Amino acid sequence: MPRKTPVKSSRKSLTQEKKTPKSSFLKRIFRILFKWGVIFSLVASIPFAGWVWWLNGQVVSRFEGQKWQVPSEVYSAPIILISGAPWKKQDLENLLEETGYRFGRNSQKVGWAARSRTKVSAHLRSYVDHLGFHESERRIFSFQDGRLVIQALNGDEIDEARIEPQRIGFLYGGNTESRQILTYDEIPKPLIAILIAVEDQEFYHHWGISLTGIARAVVVNFTHGSRRQGGSTLTQQLVKNMYLSSERTYTRKLTEVVMSLLLEYHYSKEAIITAYMNEVYLAQLGSSALHGFAAASQHFFGRPVNELNLDEFALLVGMVKGPSLYNPERSPNRAKARRNTVLAVLKDQGRLSDSDYKRLIEQPIRLASKQKERSVYGDYLDLVAMQLSRDFDEATLATKNLRIYTGVDIRAQRAASIAMRRQVAVLEQRDPKLKGLQGAMVVTDRLSGQVRAVVGSSGQHYTGFNRVLGAVRPIGSLVKPPLYLSALATGRYTWWTKIEDKRLRFNVGGQIWEPENYDRKTHGVVHLYEAMAKSYNLATVSLAQQIGFDRVGDTLRQLGVKRSFTMHPAMALGALELSPFEVSRLYQPIASQGRSSELGVVLAVMDQNDQLLKRFDRKNDVPFTDALLAVTLDGMTKTPKIGTARAAQAAFPNLNFAAKTGTTNEQKDSWYVGITGDYSSIVWLGDDDNVPLSITGSSGAQKVWIDFTKNVNPRSLPDGLPNGAARFNVLDNKFEMAADRCEDKVSLAFILGTEPKESSSCFWLF
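Conventions and cut-offs
Residues numbered from 1 in each chain as written. Predicted model: local features only at pLDDT ≥ 70, side-chain atom pairs only at ≥ 80, totals over all residues. Heavy atoms only, no water. Helix = DSSP H or I, 4+ residues; strand = E, 2+ residues; numbered from the N terminus. Contact = heavy atoms within 4.5 Å. Areas by Shrake-Rupley, 256 points an atom, 1.4 Å probe, with all protein chains shown as cover. Salt bridge = Lys/Arg side-chain N within 4 Å of Asp/Glu carboxyl O. Buried < 20%, exposed > 50% of the residue type's maximum accessible area, 1.4 Å probe, protein only. Pairing = 2+ DSSP bridges. Axes fitted to C-alpha atoms, helices over the stretch in contact; angles between N-to-C directions. Core = buried A, V, L, I, M, F, W, Y, C linked by side-chain atoms within 4.5 Å. Disulfide = S-S within 2.5 Å. Parallel < 35°, antiparallel > 145°, perpendicular 65-115°, else oblique. Nonpolar A, V, L, I, M, F, W, Y, C, P; charged D, E, K, R; others polar. pLDDT = per-residue confidence, 0-100. Phe/Tyr/Trp six-rings, centres within 6.5 Å; stacked < 30°, edge-to-face > 60°. Lys NZ or Arg CZ within 6 Å of the ring centre and 35° of its normal.

Draft legend 1. Local environment of the overall build of the protein chain. When you go through the protein chain residue by residue, the secondary structure sums to 24 helices and 33 strands. Looking at the protein chain alone, contacts between residues at least 24 apart form 67% of all its contacts between residues at least 6 apart. Of the roughly 36,400 Å² of accessible surface on the protein chain, 51% is carried by carbon and sulfur atoms.

Draft legend 2. Summary view of the pattern of salt bridges. Evaluation of the coordinates by the stated rule reveals 30 salt bridges. A salt bridge links arginine 125 to glutamate 307; the shortest N-O distance between them is 2.5 Å. With a gap of 182 residues between them, arginine 125 in the loop between strand S5 (119-124) and strand S6 (127-129) and glutamate 307 in the loop between helix H8 (293-301) and helix H9 (310-319) connect regions that are remote in the sequence. The same class applies to arginine 125 and to glutamate 307, which are both buried.

Draft legend 3. Up close: the side chain of glutamate 164. Note that glutamate 164 resides in the loop between strand S11 (160-163) and strand S12 (167-171). Judged by its relative accessible area of 8%, glutamate 164 is buried. In this structure glutamate 164 touches Pro78, Thr99, Tyr101, Arg125 and Tyr127, once residues within four positions along its chain are discounted.

Draft legend 4. Representation of the sheet that holds strand S1 (residues 72-75). The mixed open sheet is built from five strands, whose spatial order is S12-S1-S16-S25-S26. Of all the strands in the sheet, the pair left with one neighbour each is S12 and strand S26 (612-615). Going across the sheet, the axis of each strand differs from the next one's by a mean of 20°, ignoring polarity. When strand S16 (residues 403-406) meets strand S25 (residues 602-606), the two strands line up antiparallel, connected through four bridges. Of the residues in S25, the one forming a bridge with arginine 403 is methionine 606. The sheet strands contacting helix H12 (residues 378-388) are S1, S12, S16 and S25, and the helix crosses S12 at an angle near 50°.

Draft legend 5. Examining the nonpolar core more closely. Of all hydrophobic cores here, the largest spans 115 residues; its most connected members are Leu81, Leu92, Leu96, Phe141 and Leu388. Grouped together as the second largest cluster of nonpolar side chains are 56 residues, Met277, Ala295, Val305 and Ala344 included.

Draft legend 6. Unusual backbone geometry, seen in detail. Of note, aspartate 145 is a non-glycine position whose phi angle comes to about 55°, a positive value. Within the secondary structure layout, aspartate 145 lies in the loop between strand S8 (137-144) and strand S9 (147-151). For aspartate 145, a relative accessible area of 81% translates into the label exposed. The backbone phi angle of serine 535 is positive, close to 55°, even though this residue is not glycine. You can see serine 535 is positioned in the loop between helix H17 (528-533) and helix H18 (537-547). Residue class for serine 535 comes out buried when judged on its relative accessible area of 12%.

Draft legend 7. Inspection of the state of the cysteines at higher detail. Enumeration according to the criterion identifies one disulfide in this entry. Paired through a disulfide, cysteine 742 and cysteine 762 show a sulfur-sulfur distance of 1.8 Å. Measuring handedness by torsion sign, the sulfur bridge of cysteine 742 and cysteine 762 sits at about 105° and is right-handed. Of the two residues, cysteine 742 is situated in the loop between strand S31 (737-738) and strand S32 (745-751) and cysteine 762 in the segment after strand S33 (759-760); the sequence distance between them amounts to 20 residues.

Draft legend 8. Up close: the packing of H9 against helix H10 (residues 332-348). At a minimum axis distance of 8 Å, the contact between H9 and H10 shows a crossing angle of 105°. Judged by the angle between their axes, H9 and H10 are roughly perpendicular. The residues of H10 that touch H9, namely those facing Asp311, Ala314, Leu315 and Gly318, are Ala335, Arg338, Arg339, Val342 and Leu343.

Draft legend 9. View of H8. Among the nine residues of H8, seven are classified as buried, and the element is accordingly described as predominantly covered. When we look at burial in H8, the residues that qualify are Phe293, Ala294, Ala295, Ala296, Ser297, Phe300 and Phe301. Once H8 finishes, glycine 302 follows within two positions and takes phi at roughly 70°, a positive value.

Draft legend 10. Main features of the packing of helix H3 (residues 189-199) against H10. Packing of H3 against H10 leaves a shortest axis separation of 10 Å and a crossing angle of 90°. One element, H3, and the other, H10, form an angle in the roughly perpendicular class. On H10, the residues that touch Ile194, Ala197, Val198 and Glu199 of H3 are Arg338, Val342, Val345 and Leu346. Tallied by class, the residues present in the contact of H3 with H10 amount to six nonpolar, no polar and two charged.

Draft legend 11. Spatial organisation of the confidence of the model for the protein chain. Chain-level statistics for the protein chain give a pLDDT mean of 87 and a share of 86% at 70 or above. Of the regions scoring below 50 in pLDDT, residues 1-19 engages in zero contacts with residues more than four places distant in sequence or in other chains.

Draft legend 12. Inspection of the sheet that holds strand S18 (residues 451-455) at higher detail. Spatially, the five strands line up as an open sheet ordered S18-S17-S29-S28-S27, and their pairing is antiparallel. One side of each edge strand has no neighbouring strand; the edge strands of this open sheet are S18 and strand S27 (658-663). Ignoring strand direction, the axes of neighbouring strands in this sheet form an average angle of 5°. One ladder, built from seven bridges, connects strand S28 (residues 669-675) with strand S29 (residues 679-686); its direction is antiparallel. Within S29, the residue paired with isoleucine 675 across the bridge is serine 680. Running over the sheet, helix H24 (residues 697-710) touches strand S17 (438-445), S27, S28 and S29 and is turned about 40° from S28.

Draft legend 13. The arrangement of the pairing of S18 in detail. Of all five residues in S18, five are buried, a share of seventy percent or more. Relative to S18, S17 runs antiparallel, the two being bridged by four bridges. Paired with methionine 441 across the two strands is valine 455, which belongs to S18.

Draft legend 14. Fine view of the environment of alanine 648. Here alanine 648 lies in helix H23 (residues 646-651). Through-space distance from the C-alpha of alanine 648 to that of isoleucine 706 is 6.1 Å; in sequence the pair is 58 residues apart. Setting aside residues up to four positions removed in sequence, alanine 648 forms contacts with Phe657, Tyr672, Gln702, Trp705 and Ile706.

Draft legend 15. Geometry of the packing of aromatic side chains. Summed over the entire model, instances satisfying the criterion amount to twelve aromatic pairs. Where tyrosine 75 meets tyrosine 405, the ring centres are 5.4 Å apart and the plane angle is 20°; that geometry is what we call stacked. Of the two residues, tyrosine 75 is situated in strand S1 and tyrosine 405 in strand S16; the sequence distance between them amounts to 330 residues. The exposure class assigned to tyrosine 75 is buried, which follows from its relative accessible area of 14%. The class of tyrosine 405 is buried, set by a relative accessible area of 5%. Relative to tryptophan 495, the ring of tyrosine 484 lies with its centre 5.9 Å away and its plane at 20°, an arrangement referred to as stacked. Here tyrosine 484, found in helix H16 (residues 480-489), pairs with tryptophan 495, found in the loop between H16 and strand S20 (498-501); they are eleven residues apart in sequence, far enough to count as distant. For the cation-ring pair, arginine 338 lies above tyrosine 326, with the distance from its terminal atom to the ring centre recorded as 5.7 Å.

Draft legend 16. Representation of the environment of aspartate 391 within the structure. Inspection of the secondary structure puts aspartate 391 in the loop between H12 and helix H13 (394-399). The sequence separation of aspartate 391 and lysine 614 amounts to 223 residues, and the corresponding C-alpha distance is 9.0 Å.

Draft legend 17. Local environment of H3. Residues Leu191, Ile192, Ile194, Leu195, Ile196, Ala197 and Glu199 constitute the buried set of H3. Buried-residue contacts for H3 involve helix H5 (234-243), helix H7 (269-279), H8, H9 and H10.

Laid out in structure tokens, this is it:
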């Protein structure tokens, strides 16, 4: 009987043989698919890896290079408060408020001030400029007989105190982006805490992305069938703002996630939060985008971000969610509600007590005054750009966040702008034919020549046409002080010298020119100081003829006139055409008594790390002695006392100042120069179409100067004269020194050696 076991075994073996080919085939297919899958994955990973590598380069290069293209910031000069200077208590309070100081019960904190009935105290801010670091200081200001007294807390009297330079604008590109860069140490820690509490509570614990946040966003988006939530961390928000477009696609989201991981891999949390604080978009101001909490603090509150209160921090953090929606200038109620929501989050997280929460949500939103708009500096910024164009290219100024320190005086600038606008409006109201009257004004530091204020238009805002530079017009009688200086320089003339004011005729190129006085009269024999003070044309032309017209032309060039001109008799009465800026430079050597000749605009340029790039020093070579210039300036003080500027003297009866009015043919131009102890000011009024006007230098430009000077606490010119010059009382009708008892006498300045050699006691027996 056959054995079954082998047969059974044979069947099994057979069965196995039948199945082996199929199994082997599947295995081979699997091995092939696995092999090619691995190969495909490896191949596919190459572009992915390359993409990640490329993203990594983008992250590092932008973050370690210049993160933002920020236009250069332009700063004013510090405001120097000097003990003994004329000040009113209200004026100082207004100045502190304008520069962002807050008044409270005391001035213990930096940026705060306090006031009593007779005194003001302020904790002045520290600052850095081209001269170095200036520490914060707490000072007490009192006012004695209209004079400022500055004291330390211990009662010691201080010579001066300084209010930090104010940012007055940007150079190039400032109309597209506004930003101030902070370092990590400069960011208030409460602001960081509030931002993280509201926007990303896990910021210090994640690696750039929040998986729970992403999962939550996926659920919300899937439920609604559209992309409604992003689940972004602060790191992702920073990546989106710094590197990516605003499109809302899953591809862009993937890119955002990868770049966020890379950013966290390379940089610390401190570096990331610092970049976020400087990058975050918070408002659109016309064509300018406002970025960063520092710039937002200055715009909305007028103060540095480190001086804000908790509720103000909450307002700015609340704006992150919707800058346009929660803009406090446009939607104050909505902004307040959002601020209170942020405060509620802080309370719920235990960061804010119930009592503090209730107190803070009742706080009104106090925004900076609209008077802090910087449009009044547009004309000044033209001068800044003009000066810097010689040393810096426009791209650098537009993107490198340089800090440009200038000499502009914010008090003088505002006073000049207001005076020009106000007085032109008054003149237009009195005479409708003056509608469209324009003006320009240049104010310089009398001693240093630093330009303190510039007004290029009579309009309220910057117009784009700067008449300080562009209005080149005949200067009229403003040519006379340099002409009389030319006569005094010969040594043959003094202010006492007499000259005849009589009619003259000149043959100029075959045509007869007969000058006239403004009143169409002649005035006989007059002293030089009278002829200039009363602006007698005939006497002036006669003097120019005696000393030589070419000599007058040489004097004008030596005083700083760089524009080419041909000297002829009419030049002696102001046919010379100059811009207000050029006239200001012409008068600077006289005003400063030889201390300065060139005008200064920019003092220094620093980079964003406070490193000095360039300091601007000016040559002050004046080819005239200090004595001659001082005597000329002293002669100009007669114009307010007895001449065409008597209205200005009436406005300031106790002020000793120099002045000169100017009116051109057909009264097409109204000019005025006024020189006090602090400022040398040039004012021009005219029509852009160069038509005749109904105003003169006295009735037009002088009024602008009076208005301006009333608002800058003027100081008198010093009584002293430099070596080589002195004042003497001289008889009016005889060239002799006059005793005190003499009645018919006048006080005049002389270059030593030209004064009278004899004297009179004015003692008569009968």
